[in-house]
Amino acid sequence: MEKFPAGDGRELAYRELGSGRTLVLFHGFTGSGRDWLGPAAAFAERGHRVILPDLRGHGASAAPPDPAAYPPDVLADDGLALLAHLGVDEYDLGGYSYGGRVVLRLLARGARPGRAIVAGQGLDAVQRATSRTGTYHRALTALIDGEPVEPGSPAYWLRQGGGDPVALRHVLGTHVPTPDLHRITTPTLVVVGAEDDGHATADALAEALPNGRFARVPGTHYTAMRSPELTAAMAEFLAQA
């Protein structure tokens, strides 16, 4: 585990595997860089230097309770700070679920990777808040207020993740839409699980990107990330000239 300073001085964490061309992979909401360790090992074997950051409010990164630490688009700010810290000119980006939003925000903010991958994400969520955001917010509020948690409920699964509900609720409020997708010219693979009904607009997201490609892999939103087909689709896309 290594650390780097965000723009506001807070300490954020990342893991590094392998050597070669840099590939930065962002995890989903309530997760951490550990979620990518299986695919990351495969990419490292293929000659990539893989960087797995813990987003602000997640994992081993700073998770302050102060709402002022979570201004709009701060996760993109942090991503740009990470790229500056790494000092890389040639690199690729990838993200799953909420991490896919971070990738799109980085592209919109001027990051220029050779290739980008947005997995487990649809067009609706990158353009506006969705009902899923409200569900997470209510569940986190229930945890913060100490309300009874029903097994199998959203609050139950959020509690299983072990994250700080105060920090995570603040993170939800940092989302900034990315409406001008036609300005993003980076070759981008949009890939989604075949049973990921919550992100059924992934194909529309690929169509909205000038150089978007679309692929489906087996699995739901929660199982597709671990499928060997996802890793294979990403590796094939990254290997293209």
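A few words now on the environment of Thr-186. Within the secondary structure layout, Thr-186 lies in the loop between helix H7 (165-172) and strand E7 (188-193). Between the C-alpha atoms of Thr-186 and Thr-220, which are 34 residues apart in sequence, the distance is 27 Å. Apart from the residues within four sequence positions on either side, Thr-186 is in contact with Leu-107, Pro-113, Gly-114, Arg-115, Ala-116 and Asn-211.

Throughout the structure, instances matching the rule amount to twelve salt bridges. Notably, a salt bridge pairs Arg-109 with Asp-77, separated by 2.6 Å at the nearest N-O pair. Placement of the pair is Arg-109 in the loop between helix H3 (98-108) and strand E6 (116-119) and Asp-77 in helix H2 (residues 74-86), with a sequence separation of 32 residues. The class of Asp-77 is partly exposed, set by a relative accessible area of 30%. It is possible to trace a salt-bridge network through shared partners that takes in Asp-8, Arg-10, Arg-56 and Asp-78.

This part takes up empty space enclosed by the protein. Taken as a whole and judged by the stated rule, the model has two cavities of 30 Å³ or more. Reported here for the largest cavity is a volume of approximately 80 Å³. Forming the walls of the largest cavity are Asp-73, Val-74, Leu-75, Ala-76, Tyr-98, Arg-101, Val-102, Arg-105, Thr-174, His-175 and Val-176. Mapped by element, the contributors of at least two residues to the lining of the largest cavity are H2 and H3. Tallying contributions element by element places H3 first for the lining of the largest cavity, with four residues. Tallied by class, the residues present in the lining of the largest cavity amount to six nonpolar, two polar and three charged. Considering only enclosed or pocket space, the second largest cavity measures out at about 70 Å³ in volume. Around the second largest cavity sit Phe-4, Leu-12, Phe-26, Pro-53, Asp-54, Leu-55, Arg-56, Leu-75, Asp-78, Gly-79 and Leu-82, which together line it. For the lining of the second largest cavity, the leading source of residues is H2, giving four residues. A per-class count over the lining of the second largest cavity returns seven nonpolar, one polar and three charged.

This brings us to the sheet that holds E6. Here we have eight strands laid out as an open sheet, ordered E1-E2-E4-E3-E5-E6-E7-E8, and mixed in their pairing. With one partner strand each, in any of the chains shown, strand E1 (2-5) and strand E8 (212-217) form the two edges of the open sheet. Across the sheet, the mean angle from the axis of one strand to that of its neighbour is 25 degrees, orientation sign disregarded. Sheet topology note: the E6/E7 ladder contains four bridges and is parallel. Each residue of the ladder has a partner; that of Ile-117, found in E7, is Leu-189. On the sheet, helix H1 (residues 37-45) packs against strand E2 (11-17), strand E3 (21-26) and strand E4 (48-53) and is oriented at approximately 160 degrees with respect to E4. Against the sheet, H2 contacts E1, E2, E3, E4 and strand E5 (91-96), and its axis sits at roughly 110 degrees relative to E1.

For H2, which comprises 13 residues, the first-to-last C-alpha distance of 18 Å matches the rise-based estimate of 18 Å (1.5 Å per residue) to within 8%. Restricting attention to buried positions, one finds in H2 the residues Val-74, Leu-75, Ala-76, Asp-78, Gly-79, Ala-81, Leu-82, Leu-83 and Leu-86. One or two residues past the end of H2 sits Gly-87, with phi positive at roughly 65 degrees.

So, about the packing of H1 against helix H9 (residues 228-239). Across the interface, H1 lies against H9 with an axial gap of 10 Å and an inter-helix angle of 35 degrees. The handedness of the crossing between H1 and H9 is right-handed. Each of Pro-39, Ala-42 and Phe-43 in H1 lies in contact with H9, whose residues at this interface are Thr-231, Met-234, Ala-235 and Leu-238. Of the residues that constitute the contact of H1 with H9, the class distribution is six nonpolar, one polar and no charged.

Cut-off values and rules
Residues numbered from 1 in each chain as written. Predicted model: local features only at pLDDT ≥ 70, side-chain atom pairs only at ≥ 80, totals over all residues. Heavy atoms only, no water. Helix = DSSP H or I, 4+ residues; strand = E, 2+ residues; numbered from the N terminus. Contact = heavy atoms within 4.5 Å. Salt bridge = Lys/Arg side-chain N within 4 Å of Asp/Glu carboxyl O. Buried < 20%, exposed > 50% of the residue type's maximum accessible area, 1.4 Å probe, protein only. 1 Å grid on protein atoms, 1.4 Å probe; cavity = no way out; pocket = protein on both sides within 12 Å on 5 of 7 lines; lining within 4 Å. Points joined across faces, edges and corners; volume = space filled by probe spheres on them. Nonpolar A, V, L, I, M, F, W, Y, C, P; charged D, E, K, R; others polar. Pairing = 2+ DSSP bridges. Axes fitted to C-alpha atoms, helices over the stretch in contact; angles between N-to-C directions. Expected span 1.5 Å × (residues − 1). Left-handed = near helix turned anticlockwise from the far one by under 90°.

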